[in-house]
Amino acid sequence: MQLRYNYRAYPDATQRRALAQAFGCARVVWNDCLRDRKEAHEAGLPYVKSAELSRLRITEAKRSEERAWLADVSAVVLQQSLRDLDTAYKNFFDSIMGKRRGRKVGLPRYKSKKDTRQSIRLNTNAFSLQENGTVYLAKVGHVKVKWSRRLPAAPTSLTVTKDSCGRYFLSFVVDTDPDILPSLETDAGIDLGLSAFAVLSDGRKIGSPRFLRRAEKKLKRLQRDLSRKAKGSKNRAKARIKVARQHAKVADRRRDWHHKASTQIIRDSQAVYVEDLAVSGLGRTRLAKSVHDAGWSAFVGMLEYKAVKHGRTFAKVERAFPSSQVCSACGFRDGPKPLHVREWTCGACGTVHDRDHNAARNVLFEGRRIVAAGRAETINASWSAGKTRTKVPAQRVEAGSHRKGQTTQAGIPGL
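Note that the structure is predicted; figures quoted are calculated from it, not measured.

Visitor: Give me the nonpolar core: which residues, what numbers.
Guide: Ranked by size, the top nonpolar core spans 50 residues in total, and within it Val-135, Leu-137, Leu-158 and Phe-172 carry the most contacts. If sequence neighbours within four positions are ignored, Phe-172 has contacts with Leu-3, Arg-4, Tyr-5, Tyr-7, Phe-127, Leu-129, Val-135, Trp-147, Leu-151, Pro-155, Ser-157 and Leu-158. Of all hydrophobic cores here, the second largest spans 19 residues; its members include Leu-192, Ala-198, Val-274 and Ala-294.

Written out as structure tokens, the structure is:
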């Protein structure tokens, strides 16, 4: 399975300039190739192949006067930018043909130097891990990295990212074997909410930390300072970075909390069932800020990939399932109830239910039914379970590259 390991990088001034040039060159290649394909489509011409684009927009462009600066960066950066464009087109075609699950994917769009996130992607021919703890990037140099944990295996791909507040990150994609945890006899149904972040079927409640709400006072002050600065001034740029850093702190705290909570649930349960919530729809209601502050989608995604990593069963219950309307004791459907009703009494058996706990129990029962019907993957789903390599993508989809030599190492010696 593929896992993604993210580390903070600290390039010096010269390396930051080299990375900025690499970001710009990758963006130019992306935009040039995208423009050629769009113009060919509007003119009724055939789809422009990648080989032709590579020859025109990379090889021959380096020899031209207006694009000669493309030769100042690693050729791997330019080729990977073209491959990323091919992947974006493939995702679009698979989406409109029904081969790709999930939400519809649109056509690739042009990139801007003002985008909040700049990134380049490298394969093993353009980077290597050094004995002194640095990472060598082609035509950038030896970049200092804060190693928070050891890599379990040699990485197959590296993405260098600069976020909106000027921080640099190195993201390694690693092929590893699943870390199967000892089997348990317990399973859990989870009802996600706002008053309590999650209520488990055994009655446990996980409180909502509300990281954005807690930081609102400082964010309002920073946003007010930003709005008072003259557009285009250096003071406005400084104020914008302050706002971006505060938002980054909120996101980092939320992500760290999600990882800790999801890991604990996976370790305590052999099977985990959650409701497939319409987060995008709820994000357009008056509860939008609270919904985005909770981060349900990121939390469910963590549960899903950690379940595969540790040999647990994971299943989603359809969002149309009436988990809040059915009595978990007798199965009687008592009808819809407004959100302010937190407790209700079953009209058939007279059981008094806590709304969230009852919903979690119903999600548990429905999840068991889905697994019994064979609609969810389990560790014992086939005779080859545990013998073949489980195909699980990294948390953010990236294409890896096969190693042709010992250019990288597993972990960093001396840590």
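Next comes the rest of the account.
Visitor: Could you give an account of a nonpolar patch on the surface, with specific residues and numbers?
Guide: Taken together, the side chains of Tyr-47, Phe-93, Ile-96 and Met-97 make up a nonpolar region of the molecular surface, amounting to roughly 400 Å² of accessible area. With respect to the helices and strands, Phe-93 occurs in helix α3 (residues 75–96). Residue classification places Phe-93 among the partly exposed residues on the basis of a relative accessible area of 32%.

Visitor: For the sheet that holds strand β1 (residues 2–10), give the residues involved together with the corresponding values.
Guide: Read from one edge of the open sheet, seven strands run β2-β6-β7-β1-β5-β4-β3, paired in antiparallel fashion. Looking at which strands have only one partner, the edges of the open sheet turn out to be β2 (118–123) and β3 (127–129). Neighbour-to-neighbour, the strand axes of this sheet turn through a mean angle of 30°, independent of strand direction. Relative to strand β4 (residues 135–137), β3 runs antiparallel, the two sharing three bridges. Residue Ser-128 lies in a different strand from β4, and its bridge partner there is Tyr-136. Relative to the sheet, helix α1 (residues 13–42) contacts β2, β4, β5 (141–146), β6 (155–162) and β7 (168–175), its axis offset from that of β2 by approximately 90°.

Visitor: Break down a positive patch on the surface for me, citing the residues and quoting the values.
Guide: Among the surface-exposed residues, Arg-214, Lys-218, Arg-221, Arg-224, Arg-228, Lys-229, Lys-234, Lys-238, Lys-242, Arg-245, Lys-249 and Arg-253 lie close enough to one another that they form a single positively charged patch. Elements with a contribution of two residues or more to the positive patch: α5 (216–227) and α6 (234–268). Counting residues per element, the positive patch draws most heavily on α6, at six residues. With respect to the element layout, Lys-249 can be found in helix α6.

Visitor: For the confidence of the model for the protein chain, give the residues involved together with the corresponding values.
Guide: Per-residue confidence for the protein chain gives a mean pLDDT of 88, with 90% of residues at or over 70. Here residues 380–415 is a poorly scored stretch, pLDDT under 50, and it has 72 contacts once near neighbours within four places are set aside; other chains count.

Visitor: Go over helix α2 (residues 50–63) with me, naming the residues and quoting the values.
Guide: Because each turn of an α-helix spans 3.6 residues, side chains separated by three or four positions in sequence point in the same direction. For α2, with 14 residues, the first-to-last C-alpha span of 19 Å sits near the 20 Å given by 1.5 Å per residue. Here α2 has its buried residues at Leu-53, Ser-54, Ile-58 and Ala-61. On its buried face, α2 sits against α1 and α3.

Each value, and the rule that gives it
- Per chain, residues are indexed from 1 in the order of the written sequence.
- The model is predicted, so local features are restricted to residues of pLDDT at least 70 and side-chain atom pairs to those at 80 or more, both for listing and for counting; the totals for chains, interfaces and linings are taken over all residues.
- Computation of side-chain values covers all heavy atoms of the structure but excludes hydrogens and water.
- Residues enter a nonpolar core if they are buried and are Ala, Val, Leu, Ile, Met, Phe, Trp, Tyr or Cys, with the set joined through side-chain atoms within 4.5 Å.
- We call a residue buried when its accessible area falls under 20% of the maximum for its residue type, exposed when it is over 50%, and partly exposed in between, using a 1.4 Å probe and counting protein chains only.
- Whether two residues touch is decided by their heavy atoms; if any such pair falls within 4.5 Å, the residues are in contact.
- The patches reported here contain residues having more than 30% relative accessible area and no salt bridge. Joining distances are 9 Å for like charges and 5 Å for nonpolar side chains (Val, Leu, Ile, Met, Phe, Trp, Tyr).
- For the accessible areas, the method is Shrake-Rupley and the probe is 1.4 Å, while residue cover comes only from the protein chains on display.
- For salt bridges, the criterion is a side-chain nitrogen of Lys or Arg within 4 Å of an Asp or Glu carboxyl oxygen.
- Labels follow the DSSP assignment, with helices taken as runs of H or I lasting at least four residues and strands as runs of E lasting at least two, numbered in each case from the N terminus.
- What makes two strands pair is DSSP finding at least two bridges between them.
- Every angle, taken between N-to-C directions, lies between 0 and 180 degrees, and every axis is a line fitted to C-alpha atoms, over only the stretch in contact when it is a helix.
- Here Asp and Glu are counted as negative and Lys and Arg as positive; His is not counted, and neither are the chain ends.
- For charged residues, the charge sits on one atom: NZ in Lys, CZ in Arg, CG in Asp, CD in Glu.
- The score called pLDDT rates the predictor's confidence residue by residue, from a low of 0 to a high of 100.
- Here the expected span of a helix is defined as 1.5 Å times the quantity of residues minus one.

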